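Here are the chains, one letter per residue:
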Amino acid sequence: DRISVNGNPVYFRRFLYLMMNKPAGVLSASRDAHARTVLDLLPPELRKRALSPVGRLDKDSEGLLLFTNDGDLMQRLIHPKFEVSKLYRVTVQGDWRRGIPQLQTMDTLEGESIAPAQVELDRETGESAVLLITIHQGKNRQIRRMCRQAGLTVTRLERIAEHGIYLADLPCGKWRALTENEVKTLKGSDEL
């Protein structure tokens, strides 16, 4: 069937919702003339669908990155007032026993107010530790800056969940469509 109004065809836009396990070294940008971006990892037919990454992960970080062409949902997921939770697995070096309490109580970052983070030890590996850090903001390189302020050096940073959606076992550099239940989780939460 063709639908038109006053002789002009009407097209229905189908929203898409994807997740990717972003590898380190790839930009979370829609395009960049000098570097590979996350959209370059998607097949050409999806790149034509006006998909955009929801938020960003810095070039050195990896893990869960959501994509959609649903502008309303994207705005709700990235706007600070909705306090969408993001869970990271962060490998650090330094005095993490002293650093964890500092991270848990940190309310300013380089002179700027920040919301408290939830921080717990996942495991220790010699002189390194793996922390699970949940934040509700997305300030530029926030976790790396927080760790530096607490005297820790980040050696690996992976986002493993966002707003109840988990990366699980999706291989690095791969993507998949969100399930219907995952989309409902993103759209139907009380937080949004």
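Here goes a summary of the coordinates provided. (Residues numbered from 1 in each chain as written. Predicted model: local features only at pLDDT ≥ 70, side-chain atom pairs only at ≥ 80, totals over all residues. Heavy atoms only, no water.)

## Quick notes on the overall build of the protein chain
Within the protein chain, the regular secondary structure consists of five helices and 13 strands. Expressed along its principal axes, the backbone C-alpha trace of the protein chain runs to roughly 70 × 35 × 30 Å. Out of the 192 residues belonging to the protein chain, those deemed buried represent 43%. The contacts in the protein chain between residues at least 6 apart in sequence include a share of 67% that link residues at least 24 apart. Here the protein chain displays about 11,000 Å² of accessible surface, and carbon together with sulfur accounts for 47% of that area. Distance from the positive charge centre (29 side chains) to the negative charge centre (25 side chains) of the protein chain: 6 Å. (Helix = DSSP H or I, 4+ residues; strand = E, 2+ residues; numbered from the N terminus. Buried < 20%, exposed > 50% of the residue type's maximum accessible area, 1.4 Å probe, protein only. Contact = heavy atoms within 4.5 Å. Areas by Shrake-Rupley, 256 points an atom, 1.4 Å probe, with all protein chains shown as cover. Lys, Arg positive; Asp, Glu negative; His and termini not counted. Charge placed at Lys NZ, Arg CZ, Asp CG, Glu CD.)

## Things to note about the nonpolar core
Judged by nonpolar contacts, the single largest core of 23 residues is most densely connected at Val-90, Val-92, Leu-103, Leu-131, Ile-133, Ile-143 and Cys-147. Elements with a contribution of two residues or more to this core: strand E6 (86–93), helix H3 (96–105), strand E10 (128–135), helix H4 (142–149) and strand E11 (153–162). By residue number, the principal contributor to this core is E10, which donates four residues. Beyond its immediate sequence surroundings of up to four residues, Cys-147 is in contact with Val-90, Val-92, Leu-103, Ile-133, Leu-152 and Val-154. (Core = buried A, V, L, I, M, F, W, Y, C linked by side-chain atoms within 4.5 Å.)

## Some remarks on the pattern of salt bridges
Opposite charge on two side chains makes pairing possible when the charged atoms of those side chains draw close. In total, this model carries 15 salt bridges according to the counting rule given. Measuring nitrogen to oxygen at the nearest pair gives 3.8 Å for the salt bridge that ties Arg-98 to Asp-95. Accessibility expressed as a relative area gives 47% for Arg-98, which makes it partly exposed. Counted as one network, the salt bridges with shared partners bring together Glu-62, Arg-89, Arg-156 and Glu-158. (Salt bridge = Lys/Arg side-chain N within 4 Å of Asp/Glu carboxyl O.)

## Quick notes on unusual backbone geometry
Even without a glycine there, the phi angle at Glu-110 is positive, about 50°. Looking at where Glu-110 falls in the secondary structure, it is placed in the loop between strand E7 (108–109) and strand E8 (112–113). Its identity is not glycine, yet Ala-168 carries a phi of approximately 55°, on the positive side. For Ala-168, the location among the structural elements is in the loop between strand E12 (165–166) and strand E13 (175–177). Overall, Ala-168 belongs to the exposed group, its relative accessible area being 69%.

## Quick look at the environment of Glu-162
Here Glu-162 lies in strand E11. A relative accessible area of 2% places Glu-162 in the buried class. Each C-alpha atom of the pair Glu-162 and Leu-39 lies 19 Å from the other, and the pair is 123 residues apart in sequence. Residue contacts for Glu-162: discarding those within four places in its chain leaves Val-54, Leu-64, Leu-66, Val-84, Ser-85 and Lys-86.

## Some details on the pairing of strand E5 (residues 62–68)
The element E5 is extensively covered by neighbouring structure, given that seven of its seven residues are classed as buried. Here strand E3 (residues 17–22) runs beside E5; their pairing, made up of six bridges, is antiparallel. Pairing of Lys-22 across the sheet is with Gly-63, part of E5. Where E5 and E11 come together, two bridges link them in parallel fashion. If you follow Gly-63 over to E11, its bridge partner there is Arg-159. (Pairing = 2+ DSSP bridges.)

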